[in-house]
Amino acid sequence: MLRVGSKAACMACRNLVSTNMGIRFRVPLQKLHPLSRAIHHRYSGNANPPRTPHRSAARYFTSMSRLPMRPPKPPPGSGGRSYQQKRNFWVARLAARLLKLRYILLGSAVGGGYTAKKTYEEWKEMLPDFSEYNWVIPDFVWELSEQIDLDKLAKALPEIEEIAKLLPDLDKIGENFTFLKSLLSPVTSSDPALKATDSTSATNDAGDKQYKKGLLGELILIQQQIQQHEEEVRRAAAANNARPPPPEPPNPTPSQQNRKSSDKEKLDQIQEELLRTQLKYQRMLERLEKENKELRKVVLQKDDKGIHQRKVKKSLIDLYSEVLDILSDYDANYNTQDHLPRVVVVGDQSAGKTSVLEMIAQARIFPRGSGEMMTRSPVKVTLSEGPHHVAMFKDSGREFDLSKEDDLAALRREIELRMRKSVKEGQTVSSETISLSVKGPGIQRMVLVDLPGVISTVTSGMASDTKDTIFSISKAYMQNPNAIILCIQDGSVDAERSIVTDLVSQMDPQGKRTIFVLTKVDLAEKNLASPNRIQQIVEGKLFPMKALGYFAVVTGKGSSGESIDSIKDYEEAFFQNSRLLRDGMLKAHQVTTKNLSLAVSDCFWKMVRESVEQQADVFKASRFNLETEWKNNYPRLRELDRNELYEKAKNEILDEVISLSQVTPQHWEAILQKKLWERVSTHVIENIYLPAAQTMDSGTFNTTVDIKLKQWTDKQLPNKALEVAWETLQEEFARFMAEYRGKDQDDIFDKLKEAVKDESIKRHKWNERAMDSLRVIQHNALEDRSITDKPQWDAAIQFMEETLQSRLKDTESVVRDMVGPDWKQRWLNWKNRTPDQHIRNETKNELERLLKLHDDHTAYLANDEVTTVRKNLEGRNVEVDPVLIKDTWHQLYRRHFLQKALAHCSLCKRGFYYYQRHFVDSELECNDVVLFWRIQRMLGITANTLRQQLTNTEVRRLEKNVKEVLDDFGEDLEKKTHLITGRRVQLAEDLKKVREIQEKLEAFIEALHKEK
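### Re the state of the cysteines
Consideration 1: For the structure on display, the rule yields 1 disulfide.
Consideration 2: For C905, which is in no disulfide, the shortest distance to another cysteine sulfur is to C908 and amounts to 6.7 Å.

### Describing unusual backbone geometry
Consideration 1: Located in the positive-phi region is S350, a residue other than glycine, with phi close to 65 degrees.
Consideration 2: Within the element layout of this structure, S350 appears in the loop between β1 (343–347) and α14 (353–361).
Consideration 3: Despite not being glycine, T592 shows a phi value in the positive range, around 75 degrees.
Consideration 4: With respect to the helices and strands, T592 occurs in the loop between α21 (579–582) and α22 (593–633).

### With respect to the environment of S422
Consideration 1: Residue position: S422 is located in helix α15 (residues 405–422).
Consideration 2: Along the backbone, S422 and T433 are 11 residues apart, and their C-alpha atoms lie at a distance of 8.6 Å.
Consideration 3: Leaving out residues up to four positions away in the same chain, S422 has contacts with S377, S430 and E432.
Consideration 4: At a separation of 2.7 Å, a polar atom in the side chain of S422 contacts the main-chain carbonyl oxygen of M419.

### Details of the packing of aromatic side chains
Consideration 1: In total, this model carries 16 aromatic pairs according to the counting rule given.
Consideration 2: Between the aromatic rings of F393 and F400, the centroid separation amounts to 6.0 Å while the plane-to-plane angle is 85 degrees, which identifies the pairing as edge-to-face. For the pair F393 and F400, a shared accessibility class is recorded, and that class is buried.
Consideration 3: Taking the centre distance of 6.4 Å and the plane angle of 25 degrees together, the rings of W605 and F1004 count as stacked. Of the two residues, W605 is situated in helix α22 and F1004 in helix α37 (residues 983–1011); the sequence distance between them amounts to 399 residues. Across this residue pair, the class does not change: W605 and F1004 are buried.
Consideration 4: Of the aromatic side chains, those joined through ring pairs into one cluster are W677, Y689, F799, F897 and F932.
Consideration 5: The ring centre of F393 lies 4.0 Å from the NZ or CZ of R418, which sits over that ring.
Consideration 6: Sitting above the plane of the Y646 ring, K976 keeps its charged end 5.6 Å from the centroid.

### Concerning the side chain of S435
Consideration 1: Take S435: it is sitting in strand β5 (residues 434–439).
Consideration 2: A distance of 3.3 Å separates the side chain of S435 from the side chain of K380, its partner in a polar contact.

### Digging into the packing of helix α24 (residues 665–693) against helix α35 (residues 927–971)
Consideration 1: Between α24 and α35, the shortest axis-to-axis distance is 8 Å and the interhelical angle comes to 140 degrees. On the basis of the axis angle, α24 is oblique to α35. Seen from above, α24 lies across α35 with right-handed handedness.
Consideration 2: Residues of the contact of α24 with α35, tallied by class, amount to 16 nonpolar, 6 polar and 3 charged.

### Side note on the packing of helix α23 (residues 642–659) against helix α27 (residues 750–763)
Consideration 1: At a closest axis distance of 11 Å, the pairing of α23 and α27 adopts a crossing angle of 50 degrees. As judged from the angle between their axes, α23 and α27 are oblique. Seen from above, α23 lies across α27 with right-handed handedness. On α27, the residues that touch Y646, A649, E652, I653 and E656 of α23 are L752, K753 and V756.
Consideration 2: Tallied by class, residues from the contact of α23 with α27 come to 5 nonpolar, no polar and 3 charged.

### Some remarks on a nonpolar patch on the surface
Consideration 1: Nonpolar side chains collect at one region of the surface, where W823, W827 and L828 lie side by side and expose about 480 Å² of accessible area between them.
Consideration 2: One can find L828 in helix α30 (residues 823–829).

### A closer look at helix α16 (residues 466–478)
Since the α-helix packs 3.6 residues into each turn, any two residues three or four apart lie on the same face.
Consideration 1: Taking 1.5 Å per residue as the helical rise, α16 with its 13 residues ought to reach 18 Å, and the 18 Å between its terminal C-alpha atoms agrees with that figure.
Consideration 2: T466, T469, I470, F471, I473, S474, Y477 and M478 are the residues of α16 that are buried.
Consideration 3: Against β1, β6 (446–450), β7 (484–490) and α17 (500–507) lie the buried residues of α16.

### Re the side chain of T945
Consideration 1: By the element assignment, T945 lies in helix α35.
Consideration 2: Apart from the residues within four sequence positions on either side, T945 is in contact with L774 and I777.

### Things to note about the pairing of β6
On any regular strand, side chains alternate: one points to one face of the sheet, the next to the other face.
Consideration 1: When you tally the buried positions in β6, you get 5 out of 5 residues, the bulk of the element.
Consideration 2: Every second residue of β6 is oriented toward a common face, with M446, L448 and D450 on one face and V447 and V449 on the other, all of them buried.
Consideration 3: Across 5 bridges, strand β2 (residues 379–384) lies against β6 in antiparallel orientation. In the strand pairing of β6, L383 is matched with M446.

### Topic: the pattern of salt bridges
Consideration 1: Counting across every chain of the model gives 46 salt bridges.
Consideration 2: In this structure, R364 and E358 form a salt bridge, with 2.9 Å as the shortest nitrogen-oxygen distance.
Consideration 3: Owing to a relative accessible area of 9%, R364 belongs among the buried residues under this scheme.
Consideration 4: We note a salt bridge from E759 to R763, for which the minimum N-O separation is 3.0 Å. Note that E759 and R763 are positioned in helix α27 at a spacing of 4 residues, about one turn of the helix.
Consideration 5: With a relative accessible area of 23%, E759 lands in the partly exposed category.
Consideration 6: Through salt bridges with shared partners, a single network forms among R623, E627, E639 and R995.

### A few points about the sheet that holds β5
Consideration 1: Within the open sheet, the 9 strands sit side by side as β4-β3-β5-β2-β6-β1-β7-β8-β9. Their pairing is mixed. The sheet terminates laterally at β4 (400–401) and β9 (549–552), the two strands that pair on one side only.
Consideration 2: Each of β1, β7 and β8 (514–519) is contacted by α17, which is oriented at about 160 degrees to β7, the strand it contacts most.

### Description of the pairing of β1
Consideration 1: Here β1 lies mainly inside the structure; 5 of its 5 residues are buried.
Consideration 2: Covered by surrounding structure in β1 are V343, V345 and G347 together with V344 and V346, the residues of both alternating faces.
Consideration 3: Bridge analysis of β1 against β6 gives 3 bridges, and the strand direction is parallel. Bridge pairing links V343 to L448 in β6.
Consideration 4: Across 5 bridges, the pairing between β1 and β7 is parallel. Bridge pairing in β7 places V345 opposite L486.

### A few points about α27
Consideration 1: Here α27 is 14 residues long and its end C-alpha atoms lie 20 Å apart, about the 20 Å a rise of 1.5 Å per residue gives.
Consideration 2: All buried positions along α27 are accounted for by L752, K753, V756, K757, S760 and I761. One face of α27 carries all of its buried residues, which in axial projection span an arc of 155 degrees.

### A look at the environment of Q948
Consideration 1: For Q948, the location among the structural elements is in helix α35.
Consideration 2: Placed 280 residues apart in sequence, Q948 and W668 show a C-alpha to C-alpha distance of 9.2 Å.
Consideration 3: A polar contact is formed between the side chain of Q948 and the side chain of N944, at a distance of 2.9 Å.

### Some details on the nonpolar core
Consideration 1: Counting residues in hydrophobic clusters, the biggest one holds 100 residues, and the most contacted among them are Y689, W712, W793, I935 and V962.
Consideration 2: With 17 residues, α35 is the largest single contributor of residues to this core.
Consideration 3: Once residues within four sequence positions are removed from consideration, Y689 is found in contact with V684, M800, L804, F897, A901, D928, L931 and F932.
Consideration 4: One finds A361, V381, M446 and A616 within the second-largest nonpolar core, a separate group that totals 60 residues.

Thresholds, definitions, all that
- Residues numbered from 1 in each chain as written.
- Predicted model: local features only at pLDDT ≥ 70, side-chain atom pairs only at ≥ 80, totals over all residues.
- Heavy atoms only, no water.
- Disulfide = S-S within 2.5 Å.
- Helix = DSSP H or I, 4+ residues; strand = E, 2+ residues; numbered from the N terminus.
- Contact = heavy atoms within 4.5 Å.
- Polar contact = N/O pair within 3.5 Å; in protein donor to acceptor, adjacent residues only side chain to side chain.
- Phe/Tyr/Trp six-rings, centres within 6.5 Å; stacked < 30°, edge-to-face > 60°.
- Buried < 20%, exposed > 50% of the residue type's maximum accessible area, 1.4 Å probe, protein only.
- Lys NZ or Arg CZ within 6 Å of the ring centre and 35° of its normal.
- Axes fitted to C-alpha atoms, helices over the stretch in contact; angles between N-to-C directions.
- Parallel < 35°, antiparallel > 145°, perpendicular 65-115°, else oblique.
- Left-handed = near helix turned anticlockwise from the far one by under 90°.
- Nonpolar A, V, L, I, M, F, W, Y, C, P; charged D, E, K, R; others polar.
- Patch = residues over 30% accessible without salt bridge, like charges linked within 9 Å, V, L, I, M, F, W, Y side chains within 5 Å.
- Areas by Shrake-Rupley, 256 points an atom, 1.4 Å probe, with all protein chains shown as cover.
- Salt bridge = Lys/Arg side-chain N within 4 Å of Asp/Glu carboxyl O.
- Expected span 1.5 Å × (residues − 1).
- Pairing = 2+ DSSP bridges.
- Arc of directions from axis to C-beta.
- Core = buried A, V, L, I, M, F, W, Y, C linked by side-chain atoms within 4.5 Å.

Keep in mind these values describe shape, not function.
This is how it looks when you write it as structure tokens:
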């Protein structure tokens, strides 16, 4: 209801806002419209200023009150001048009288409407004060007063039509009053006494008749009856206890028996009457609460429609939940402990923890199993009020409509999937927290954490450390001195089998933050022979643990298909018919999950208000320490956390990849041609040129060359070319990254860049269709033998000379290694030959004599020649193996052949003229030059083709692969943590988290103070 401090506000202003909306705002009297101020002063119950008896009531309701006073009527005998003046202006005076009459009628109408409205407001003032339930109203409703333009509202007050609209609908009030009277009729009700309420202030007997005229009178009369009956019960119990029991005669008289029976019947009658009165009172309050809930839902829906038009302001509980989410991800290197309050739900396995949480959330949101462990990781549930009953994960934008069974099933599957995903291989439970928010009309605001159930034995299929892991997780949450422990105990089993009570008593010995909940009370009442045992439990006399409060609840019949509404109905029906409540073993405020949720929410917010500012100071000190360390160690660097550093490295890597497209075609072709010849030169010399050069004529030489080139092109050459192109692309990519690294690059990125390069190259695959087209191009290039001009001829000879000189140099190096140092090196460098080198040197000298005798010797030694060389060496006392002779001959003949080929190449420099005449009438034949021209032309065409494929396709594909790798690494938190590491990174991460936590806490504290 609308209240302005402890005084009633202006009634006309109060009517502009619905009284059922639960809005509170204070409007200073000076800000009201003058008309409203006049009404306020006229009818304020706390001020009684003296009234001028001759002042008209219209002055309080019209603008006439602001007109200057008319001059008083002159006394008689003052002269005829004034009379003449009145006689001359009688028309004006008549008009003024008529206008005054109009204002009097208007003021009377407004005053009558206001009086009726005041009477209606007085009726509503008689209702109980629901200020204790102000938390039910969302935060944004309390701020409506800041958005209301009071000046505009005041300007609308003088309009009679607008004021008439504010008059109450008396017919509807009469219908509601008749309905309420029917509810309060002395008929036995089937609804149970389910809600615990506190008594309002007592009323005197003189006002009973007035209260009986309205709804408040009925409620207060019922409440008085409850108090009277409770007083009678207490007096009767006290009288029985104070009176010493008389010694019972062996045979009691019938009068004594009748007296005892009458006293017992009277006591039972009083208790039954008390229970009926409580039922009536409870039903009335439930109806009022239901109407208030529907009204809140309408208000929230209206506000929800305008969310897209204004900036959404987060509720108080959402701000607090964000702080807890950040803290759960924060790795405190400075031992900054999380001491912010939350409700920790602990209990034995299958004790009903999840069912209690579902009843508080008013939805079956958790996966269920028969006797098996379903809660495998902590689940943080943020409960808040909203227009629709929905659920949402912290890291997901999908909303699950909890009023639809399909969405409920999908939500349960998603929770189970996330739990199993969080559990590492070889483990049964996980400490990773799953964050979930649930909103809906009438849900109490709080943050609960559902923990895995405590077990006593590790069964098959579980990890060996499951029991210890669950204990450590539970202790980690409960050791928070500001955490509220919701201890769940299964009432259907023996209390001595409970494990969780000992654990809770260890963490909270004084019970200052523990709430005990006994579940499955229906089964406990049915199975226990002595219901007094339940009473001992809820009174805290059976367990050694202590608690703030004790509650008994029923969470259904045990069927997974039960709905929340059916469970509520079953719970209400059970406690209505239960002897536990009827015999006084349980109090009305100790039963039902609804009362439990109210008590837990109150305790939660009390703990939050007491501890949140202290925790904010702790994080403020931690922030100062971190900032000081950063200034001392990294004074010239920005405070970039891991994600920001990753984005910076990502941009640098993309710039390096883009640089590949800026490589000139000449550079690509030069390095491709060079690398390709290095890869295939050995095959060309050893398998094509040398075998063809052993032939006797040019025809056989050309035939051998063509056959071997065709075989090489079909089988090996395209593959070798693509391998060279891919390696060249990798080397250029690495070269650009290395060059960029030298430009004041942060070395913290080296590990990341190397990983990105390796992963991108691993994922890249060359276009398979390029091989077939490349094979055709290479085959056509090698078939061409026509050298068109002298420069091409000279280029082929130069290419041939460079190749042969390179091979000759390598061969001479091999020969020197075989025979060891010569006499000059032995004398100057003090080196000696090994016995094997001495044998090879003798073998070399013998084979060189053979080559001098047969300059045109073939590439292979005959067996008789090998025997001759071996015998000659034996004659000089040198034992040699035939294999060593052949190996030495191969290197010597190779050197001899290359020397002859170089000499022949020098002769062919003048042979282009003879080549054009096809070497007719000439002893000079330069077919080997033509071969090298064909190879050189093939290398140039292949390099050009590969360059086109690189620049047009492969560089872009590599850039795409790099982007994909960077995106994948960006989504993998473990990968980023592994690749970007160091004290500097961790310090920036801690600074960001601590600042964010502190800012969120300050925003929450500010909103919390506003709510107060």
